[in-house]
Amino acid sequence: MNTAPPPRPGDAVESIDTPALVIDLDRMEANLATMAAFARDHGVRLRPHAKMHKSATLARLQMAAGAVGVCVQKTSEAEALAAAGIADIYISNEVVDRAKLARVAALAGRIRLGLAVDSAEGVERLAAAVAAAGSTIEVFVEVDVGHGRCGVPAAAAGQLAQHVVSHAPPEGGLVFAGLQAYHGAAQHLRGAGEREAAAHHAAALARAAQASIGAAGIACPLVTGAGTGTFSFDAASGLWGELQAGSYLFMDRDYADNLPAPGAPRFEHALFVKSRVMSRGVSHAVIDAGDEHGLLRPRTGAGIGELPALDATVWLVPGHCDPTVNLHDRYVAVRGGLVAGVVEAVWPIEARGCVG
Ligand SMILES: Cc1ncc(COP(=O)(O)O)c(C=O)c1O
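Residues numbered from 1 in each chain as written. Predicted model: local features only at pLDDT ≥ 70, side-chain atom pairs only at ≥ 80, totals over all residues. Heavy atoms only, no water.

(A) Structural detail: unusual backbone geometry. With an omega of -5°, the peptide bond running from threonine 18 to proline 19 counts as cis. Along the chain, proline 19 turns up in the segment before strand 1 (20-24). In this structure, proline 170 follows proline 169 across a cis peptide bond, with omega equal to 5°. Looking at the secondary structure, you find proline 170 in the loop between helix 6 (157-165) and strand 7 (174-180). A positive phi is found at aspartate 311, a non-glycine position, where the angle reads about 75°. Topologically, aspartate 311 is positioned in the loop between strand 12 (294-296) and strand 13 (313-316). Overall, the relative accessible area of 47% leaves aspartate 311 in the partly exposed class. (Helix = DSSP H or I, 4+ residues; strand = E, 2+ residues; numbered from the N terminus. Buried < 20%, exposed > 50% of the residue type's maximum accessible area, 1.4 Å probe, protein only.)

(B) Main features of the site of the ligand. Neighbouring the ligand are 15 residues; Thr228, Gln244, Gly246, Ser247 and Tyr255 lie closest to it. Within the contact set of the ligand, an oxygen atom lies 3.2 Å away from a side-chain nitrogen or oxygen of arginine 149. Glutamine 244 has a polar side-chain atom sitting 2.7 Å from a nitrogen atom of the ligand. When the ligand is considered free in solution it has 390 Å² of accessible area, and contact with the protein chains removes 93% of it. Split into classes, the residues belonging to the shell around the ligand amount to four nonpolar, nine polar and two charged. (Near = heavy atom within 4 Å. Polar contact = N/O pair within 3.5 Å; in protein donor to acceptor, adjacent residues only side chain to side chain. Areas by Shrake-Rupley, 256 points an atom, 1.4 Å probe, with all protein chains shown as cover. Nonpolar A, V, L, I, M, F, W, Y, C, P; charged D, E, K, R; others polar.)

(C) Fine view of the packing of aromatic side chains. In total, this model carries six aromatic pairs according to the counting rule given. Ring geometry for tyrosine 90 and phenylalanine 140: centres 4.6 Å apart, planes at 45°, overall tilted. Highlighted residues: tyrosine 90 in strand 4 (residues 88-91) and phenylalanine 140 in strand 6 (residues 137-142), separated in sequence by 50 residues. Considered together, tyrosine 90 and phenylalanine 140 belong to a single accessibility category, that of buried residues. Centre to centre, the rings of tyrosine 248 and phenylalanine 267 are 5.7 Å apart; their planes meet at 55°, and the pair counts as tilted. (Phe/Tyr/Trp six-rings, centres within 6.5 Å; stacked < 30°, edge-to-face > 60°.)

(D) Layout of empty space enclosed by the protein. What the rule picks out here adds up to two cavities of 30 Å³ or more. There is about 50 Å³ of room inside the largest cavity. Forming the walls of the largest cavity are Ala181, Tyr182, His183, Ala186, Gln187, Ala198, Ala199, Ala202, Ala226, Thr230, Asp234 and Trp240. No other element matches the three residues that helix 7 (residues 192-215) contributes to the lining of the largest cavity. Among the residues forming the lining of the largest cavity, the class breakdown is eight nonpolar, three polar and one charged. Put simply, the second largest cavity is a space of about 40 Å³. Lining the second largest cavity, in full, are Glu94, Val95, Val96, Leu115, Ala116, Val117, Asp118, Ser119 and Gly122. Counting residues per element, the lining of the second largest cavity draws most heavily on strand 5 (residues 112-117), at three residues. (1 Å grid on protein atoms, 1.4 Å probe; cavity = no way out; pocket = protein on both sides within 12 Å on 5 of 7 lines; lining within 4 Å. Points joined across faces, edges and corners; volume = space filled by probe spheres on them.)

(E) Looking closely at helix 7. Under the 1.5 Å per step criterion, the end-to-end length of helix 7 is 34 Å for 24 residues, consistent within 8% with the ideal 34 Å. Buried within helix 7 are the following residues: Ala192, Arg195, Ala198, Ala199, Ala202, Ala203, Ala206, Ala209, Ser212 and Ile213. In the segment just after helix 7, glycine 217 is the residue with positive phi, at about 80°. (Expected span 1.5 Å × (residues − 1).)

(F) Representation of the sheet that holds strand 9 (residues 242-243). Here we have eight strands laid out as an open sheet, ordered 2-9-8-7-6-5-4-3, and parallel in their pairing. A strand with exactly one partner marks an edge of an open sheet, and here the two such strands are strand 2 (45-46) and strand 3 (70-72). (Pairing = 2+ DSSP bridges.)

(G) A look at the packing of helix 6 against helix 7. Packing of helix 6 against helix 7 brings their axes to within 7 Å, and their N-to-C directions diverge by 50°. For the element pair helix 6 / helix 7, the angle class is oblique. Considering how the two elements wind past one another, helix 6 and helix 7 form a crossing that is right-handed. Residues Ala157, Gly158 and Ala161 of helix 6 form the contact with helix 7, whose participating residues are Ala209, Ser212 and Ile213. Residues of the contact of helix 6 with helix 7, tallied by class, amount to four nonpolar, two polar and no charged. (Axes fitted to C-alpha atoms, helices over the stretch in contact; angles between N-to-C directions. Parallel < 35°, antiparallel > 145°, perpendicular 65-115°, else oblique. Left-handed = near helix turned anticlockwise from the far one by under 90°. Contact = heavy atoms within 4.5 Å.)

(H) Structural detail: the packing of helix 5 (residues 120-133) against helix 6. For the pair helix 5 and helix 6, the least separation of the axes is 10 Å and the interaxial angle reads 15°. Classified by the angle between their axes, helix 5 and helix 6 sit roughly parallel to one another. In the crossing of helix 5 with helix 6, the sense of the turn from one axis to the other is right-handed. Side by side, helix 5 and helix 6 meet where Ala120, Val123 and Glu124 of the first sit next to Leu160, His163 and Val164 of the second.

(I) Just the side chain of glutamine 187, in detail. Note that glutamine 187 resides in the loop between strand 7 and helix 7. Since its relative accessible area comes to 1%, glutamine 187 is described here as buried. In this structure the side chain of glutamine 187 is engaged in a polar contact, spanning 3.0 Å, whose partner is the backbone oxygen of histidine 183. Among the polar contacts listed, one links the side chain of glutamine 187 to the backbone nitrogen of glycine 229, at a separation of 2.9 Å. Setting aside chain neighbours within four positions, we find glutamine 187 in contact with Tyr182, Arg195, Gly227, Thr228, Gly229, Thr230, Tyr255 and Asn258.

Structure below.
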């Protein structure tokens, strides 16, 4: 909990207390518009992953720009964003614990909610939970398209879809909504060719899963998936009808290390941690960001002289947005850049710490 008084609109960037999570609004809005235009131009829906920013304000901005809703990964993230007014959420992950499923089913009675499944047991438990709550939920069968995390093999998708359909309304509360197909390991392959090859492999497996569902006599309304590293390939495949990319909004350093895909839209860093040098020894400087300390060392062969002075401001680009955001209670949204800009707004991070 940050107990420092929050910055106020109109404050100079220079006066923001450290450490602070700062959004460069001009850059973020450019990223927002770029991805919204890409989805429109390619005739695909955008359902950005909100586990990245954990913020109802940012989810609302994405939806105002055309996103159909957002994804989350955890039940508690969905609850936190729903409590803050987001009414269309997909938990792109499995939940099998009965107590948690009761919460999922209750939430499904209040907002439009989706959930991924990858086991018959999970389907049966979900069906029982929504029956007890008297709600309905959209259900996506997750297929493992190469990530090696959750998901059934492609050939098993039809059988699991049949389980879901056997609990369809009006008797049951499970609405079969399609396939969850996300290849996480492909997102950070550095070469565009490597990512394209992995995306092609994922598409082949997703097609096989679709065929398995078709062979079971069931229509597959949607394939949803894709991340910031592969969305241009996934959209080009014509198979994915919905993109779940999230990090494009802030563009962390790790994604920026990917070699760009030819013709794909580019995104700029828009999230920064403002920090301050709190100690400076003979070999390194210490800043006040990170869990407690962050260490700055001179490059090999360079002296301490290249490091910032005691009390100097240091701007960091997060290596991975999700865990960085999770350390903060609020965003400070700045207009006009990080040097001469001013604070435009302060936004809560409602789903911070929502790991369950
Ligand atoms: C299920 C799922 N969809 C989409 C994404 C894409 O997110 P990003 O674009 O932030 O990498 C992720 C990220 O881990 C994910 O787990």
